[in-house]
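One-letter residues, chain by chain:
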Amino acid sequence: MQRRFTLKALTAAVALAGTGAAFAQSSDTIKVGILHSLSGTMAISETVLKDTALMAIEEINAKGGVLGKKLEPVVVDPASNWPLFAEKTRQLLTQDKVAVIFGCWTSVSRKSVLPVVEELNGLLFYPVQYEGEELSKNVFYTGAAPNQQAIPAVEYLMSKDGGGAKRFVLLGTDYVYPRTTNKILRAFLKSKGVAESDIMEEYTPFGHSDYQTIIAKIKKFSGEGKKTAVISTINGDSNVPFYKELGNAGLKAKDVPVVAFSVGEEELRGVDTKPLVGHLAAWNYFMSVKNPTNTEFTKKWGAYAKTKGIAGHKDKPLTNDPMEATYIGVHMWAQAVAKAKSTDTDKVIAAMAGQTFKAPSGFTATMDAKNHHLHKPVFIGEVKGDGQFNVVWKTPGPVKAKPWSPFIEGNDKKKDEPDGKSKM
């Protein structure tokens, strides 16, 4: 009897494992997972993405939900602990039985989650700019690939309008995103005739807070007669001491401009931005862009933050690029489920191809028909005294993502679409 029961249970478990996330449909609600660090070094950036996802879910539910069912968010805190991201993903897919996961910020957290979503045939929507060099059928990347952020930013710094930089400091947090991005940028700079001796590369650990020595090295490096620019891939709360030290050292934007890829309105909240005026950030959206869709988005967020009493935002609501990418992702997934008439992973993946959404950037974001990345515009903004950004350069329209950078050898042979398991 016991053996028969065990066999039945085992058969049921095997059948369940093969269904991907389709089983989420059987209940009265559709469960969706939110996987963001609400504590630890990345909480400064990630907490607000959890709230953005919840706002989008609330909006969808107010219009009747999806497939006649309300979305039920399941929020977990992987606490800036990379192995915990994988554990929480397994929990969301097998115990909570979510149809989709919205989450991760750092690439190391995404790479921790990737084998789990692939094994269990789940779905991850990843909302942050990253280094590329990856494609998975189970992931939709709603942030920028390097050709939608890093490359245009460096081209701008080298241009007359951007100051005509000839020397470059590649400064990042020590993990996969900064190191891979800088590998791409080194090859790009080399292709533009920049000598090895004109590139300085430095890394600091997560949570690093003493930038005196590094800023002194940058000062010395920039004092050797050639116009120097800093390309920063510092992530998380280390940005606060970095920018404070930059201000203390009197490194002004006109002398040594810093362009950041992980600093937006939220990260500048805790910093005196007056000494930082003129320093740059490259993103696909800024809160300050003027258009009716963004006016509506920022207004909605302000009202939501006030109603929910969201720390910091209830008094000073801010929006930023990964918030926009999160918001687009939640809405596009809901549109794809409605189109597929199912939450089954494979059906939703098929329905995601070519999805469009009128984005707060002022452009229509389109999910590429094949490569699981969004076509997005690129903006470069200068820091203003109030912590907002003044857009100084932008692309005329959305740019198609290149997950495989042409500046990495062998990438020209890689296909621009996922087939089954992830490619890395």
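The paragraphs below set out a description of the structure included in this document.

Conventions adopted
- Residues numbered from 1 in each chain as written.
- Predicted model: local features only at pLDDT ≥ 70, side-chain atom pairs only at ≥ 80, totals over all residues.
- Heavy atoms only, no water.
- Helix = DSSP H or I, 4+ residues; strand = E, 2+ residues; numbered from the N terminus.
- Buried < 20%, exposed > 50% of the residue type's maximum accessible area, 1.4 Å probe, protein only.
- Polar contact = N/O pair within 3.5 Å; in protein donor to acceptor, adjacent residues only side chain to side chain.
- Core = buried A, V, L, I, M, F, W, Y, C linked by side-chain atoms within 4.5 Å.
- Contact = heavy atoms within 4.5 Å.
- Pairing = 2+ DSSP bridges.
- Axes fitted to C-alpha atoms, helices over the stretch in contact; angles between N-to-C directions.
- 1 Å grid on protein atoms, 1.4 Å probe; cavity = no way out; pocket = protein on both sides within 12 Å on 5 of 7 lines; lining within 4 Å.
- Points joined across faces, edges and corners; volume = space filled by probe spheres on them.
- Nonpolar A, V, L, I, M, F, W, Y, C, P; charged D, E, K, R; others polar.
- Phe/Tyr/Trp six-rings, centres within 6.5 Å; stacked < 30°, edge-to-face > 60°.
- Lys NZ or Arg CZ within 6 Å of the ring centre and 35° of its normal.
- Salt bridge = Lys/Arg side-chain N within 4 Å of Asp/Glu carboxyl O.

Observations concerning the environment of Y203
Checked against the element boundaries, Y203 lands in strand β7 (residues 199–204). For Y203, a relative accessible area of 16% translates into the label buried. Considering only alpha carbons, one finds Y203 and S27, 176 residues apart in sequence, at a separation of 48 Å. Only 3.1 Å separates the side chain of Y203 from the side chain of N182, close enough to count as a polar contact. Of note is the side chain of Y203, whose polar atom sits 2.5 Å from the side chain of E201.

Quick notes on the nonpolar core
One finds I218, F242, Y243 and W333 to be the most contacted residues of the largest nonpolar core, which totals 98 residues. Considering every element that reaches this core, the biggest residue donor is helix α10 (residues 321–340), with 9 residues. When near neighbours in sequence (up to four residues on either side) are disregarded, F242 contacts L171, Y211, I215, I234 and V258. One finds A150, A229, I231 and I408 within the second-largest nonpolar core, a separate group that totals 25 residues.

Quick notes on the sheet that holds strand β15 (residues 389–394)
Strand order in the open sheet formed by 7 strands is β7-β6-β8-β9-β10-β14-β15, and the pairing between neighbours is mixed. The sheet is open, and its two borders are formed by β7 and β15, each paired with just one other strand. Taking each pair of neighbouring strands and ignoring which way they run, the sheet shows an average axis angle of 25°. Across 4 bridges, the pairing between strand β10 (residues 280–283) and strand β14 (residues 379–383) is antiparallel. The partner of A282 across the bridge, within β14, is I380. Against the sheet, helix α8 (residues 239–248) engages β6 (167–173), β8 (228–233) and β9 (258–260), with an angle of about 165° to β9.

Remarks on the side chain of T298
Along the chain, the position of T298 falls in helix α9 (residues 292–308). For T298, the side chain forms a polar contact with the main-chain oxygen of T295, separated by 3.1 Å. Dropping the residues within four chain positions of it, T298 is found in contact with Y285, M287 and T319.

A closer look at empty space enclosed by the protein
For the structure shown, the criterion picks out 2 cavities of 30 Å³ or more. In terms of lining, the largest cavity is formed by E324, I328, A359, S361, F363, T364, A365, H375, K376 and P377. Only α10 and β12 (364–367) provide two or more residues apiece to the lining of the largest cavity. Of the residues assigned to the lining of the largest cavity, the class counts are 5 nonpolar, 3 polar and 2 charged. Estimates place the volume of the second largest cavity at around 30 Å³. Looking at the second largest cavity, the residues that line it are F102, F125, P127, T142, A325, T326, G329 and V330.

Here we look at the sheet that holds strand β13 (residues 374–375)
Spatially, the 3 strands line up as an open sheet ordered β11-β12-β13, and their pairing is antiparallel. Single-partner strands in this sheet number two, and they are β11 (356–358) and β13. Bridge count between β12 and β13: 2 bridges; the pairing is antiparallel. Bridging from a neighbouring strand, T366 pairs with H375 of β13.

Overview of the packing of aromatic side chains
One pair of aromatic rings is described through two measures. These are the centre distance and the angle between the planes. Following the criterion strictly, the structure yields 18 aromatic pairs and no others. Look at W82 and F206: their rings are 5.2 Å apart centre to centre, the planes differ by 55°, and that puts the pair in the tilted class. Taken together, the positions of W82 in helix α3 (residues 82–95) and F206 in the loop between β7 and α7 (212–222) put the pair 124 residues apart, joining distant regions of the chain. Owing to a relative accessible area of 18%, W82 belongs among the buried residues under this scheme. Here F206 falls in the partly exposed class, since its relative accessible area comes to 23%. Geometrically, the ring pair formed by F102 and W333 is edge-to-face, given 6.1 Å between the ring centres and 85° between the ring planes. Taken together, the residues F102 in strand β3 (residues 101–103) and W333 in helix α10 connect sequence positions 231 residues apart. By the burial criterion, F102 is buried, and W333 matches it. Directly above the ring of F221 sits R167, whose terminal nitrogen or CZ lies 3.9 Å from the centroid. When the ring centre of Y203 is taken as origin, the NZ or CZ atom of R179, which lies over that ring, is 3.9 Å away.

Digging into the pattern of salt bridges
One pass over the full model with this rule turns up 22 salt bridges. Residues E134 and K111 are paired through a salt bridge, measuring 2.8 Å at the closest nitrogen-oxygen approach. With E134 in the loop between β4 (124–126) and β5 (139–141) and K111 in helix α4 (residues 107–119), this residue pair connects regions lying 23 residues apart in the sequence. The shortest N-O distance in the salt bridge between K413 and D412 comes to 3.9 Å.

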